[in-house]
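If you want the building blocks of each chain, they are given just below.
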Amino acid sequence: MGIKVGIAGGIGSGKTIICHVFKVLGIPVYNADLEAKLIMNKSDQVRLAVMQEFGDEAYSNGVLNRAFLAAQVFNDAAKLAQLNRIVHPAVIQAAEDWADAQTAPYSLKEASILFESGSYKKVDYSILVTAPIEIRIARVMERDQVTREQVLARMNNQMSDEEKTKLADFVIINDRITPIIPQVMALHHQFQK
């Protein structure tokens, strides 16, 4: 078991590409968002709790009905918080078990809501990936084929970069101007000491 590092960034910040650079360096990366989707489909306990809270429509033929659930929570902070209370503990525990099994000098936990969920407290260091809002909006519009208004609605459900920066140990700037490789390499060397 090595050092546990959490990495987060708002939608469109480019945290996934930063994680890819770490992977190229041989660092294992746990994608909490992807694992959450798997857990929501595979964990009987989570599935039951989601259906009790959101109804049987939350699953279709035994598979998570993501469109239905997204429609329930995206504009309702209370419902989103309830979903997070169901899913986050299972994902956080799975991430801890995974990190404990790693043999690299350090491992990364990529989580969109590392700071919002409080799971940044369970890692040794946290990294925030930031980018200017207009770049983030353009990235998400292109990636997800959605409107500017839809991107802004998603962003409004996330903690601001200013708030996250206060909680983060390190910040990587992904603004298309500042080279990311030297930033990643500096952290890579630091975490191996």
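The rules behind the values
- Residues numbered from 1 in each chain as written.
- Predicted model: local features only at pLDDT ≥ 70, side-chain atom pairs only at ≥ 80, totals over all residues.
- Heavy atoms only, no water.
- Helix = DSSP H or I, 4+ residues; strand = E, 2+ residues; numbered from the N terminus.
- Rg over C-alpha atoms; globule rule 2.2 N^0.38 Å.
- Areas by Shrake-Rupley, 256 points an atom, 1.4 Å probe, with all protein chains shown as cover.
- Lys, Arg positive; Asp, Glu negative; His and termini not counted.
- Charge placed at Lys NZ, Arg CZ, Asp CG, Glu CD.
- Phe/Tyr/Trp six-rings, centres within 6.5 Å; stacked < 30°, edge-to-face > 60°.
- Salt bridge = Lys/Arg side-chain N within 4 Å of Asp/Glu carboxyl O.
- Buried < 20%, exposed > 50% of the residue type's maximum accessible area, 1.4 Å probe, protein only.
- Pairing = 2+ DSSP bridges.
- Axes fitted to C-alpha atoms, helices over the stretch in contact; angles between N-to-C directions.
- Contact = heavy atoms within 4.5 Å.
- Core = buried A, V, L, I, M, F, W, Y, C linked by side-chain atoms within 4.5 Å.

Draft legend 1. Fine view of the overall build of the protein chain. The helix and strand tally for the protein chain stands at nine helices and seven strands. Relative to the globule expectation of 16 Å for 193 residues, the C-alpha radius of gyration of the protein chain, 17 Å, shows essentially globular dimensions. About 10300 Å² of surface is accessible on the protein chain, with carbon and sulfur atoms providing 54% of the total. Side chains of the protein chain give 21 positive and 22 negative charges; the mean places of these two sets differ by 2 Å.

Draft legend 2. Quick peek at the packing of aromatic side chains. Across all of its chains, the model carries seven aromatic pairs by this definition. Measuring from ring centre to ring centre gives 6.2 Å for Phe22 and Tyr106, while their planes differ by 90°; the resulting arrangement is edge-to-face. With Phe22 in helix H1 (residues 15-24) and Tyr106 in strand E5 (residues 106-110), this residue pair connects regions lying 84 residues apart in the sequence. Here a set of aromatic residues connected by ring pairs shows up, and it is made of Phe22, Tyr106, Tyr125, Phe170 and Phe191.

Draft legend 3. How the structure looks around the pattern of salt bridges. Within this structure, the stated rule accounts for seven salt bridges. Of the charged contacts in the structure, one is a salt bridge between Asp100 and Lys4, with a shortest N-O distance of 2.9 Å. Here Asp100, found in helix H5 (residues 77-100), pairs with Lys4, found in strand E1 (residues 3-9); they are 96 residues apart in sequence, far enough to count as distant. Using a relative accessible area of 15% as the deciding quantity, one classes Lys4 as buried. Lys164 serves as the salt-bridge partner of Glu116, at 3.8 Å between the closest nitrogen and oxygen.

Draft legend 4. Quick look at the sheet that holds strand E7 (residues 170-173). Judged by pairing direction, the sheet is parallel, and its five strands sit side by side in the order E2-E5-E1-E6-E7 without closing on themselves. Unpaired on one side and paired on the other, strand E2 (29-31) and E7 mark the two borders of the sheet. Each neighbouring strand pair of the sheet contributes to a mean axis angle of 25°, computed without reference to strand direction. The pairing of E1 with E5 spans five bridges and is parallel. Considered in E5, the bridge of Gly6 is made with Lys109. Relative to E2, helix H2 (residues 32-42) is tilted by about 50°, and along the sheet it contacts E2 and E5. Relative to the sheet, helix H9 (residues 180-191) contacts E1, E5, strand E6 (125-130) and E7, its axis offset from that of E7 by approximately 155°.

Draft legend 5. Molecular detail of the nonpolar core. Among the nonpolar cores identified, the biggest contains 26 residues, and Met40, Val50, Phe54, Leu69, Leu83 and Val87 are the most heavily contacted of them. For this core, the elements supplying multiple residues, two or more each, are H2, helix H3 (44-54), helix H4 (66-73) and H5. For this core, the leading source of residues is H5, giving five residues. In this view, Phe54 contacts Phe68, Leu69, Gln72, Val73, Lys79 and Leu83; residues no more than four positions away in its chain are not counted. In this structure, Cys19, Phe22, Val129 and Leu187 belong to the second largest nonpolar core, which totals 18 residues.

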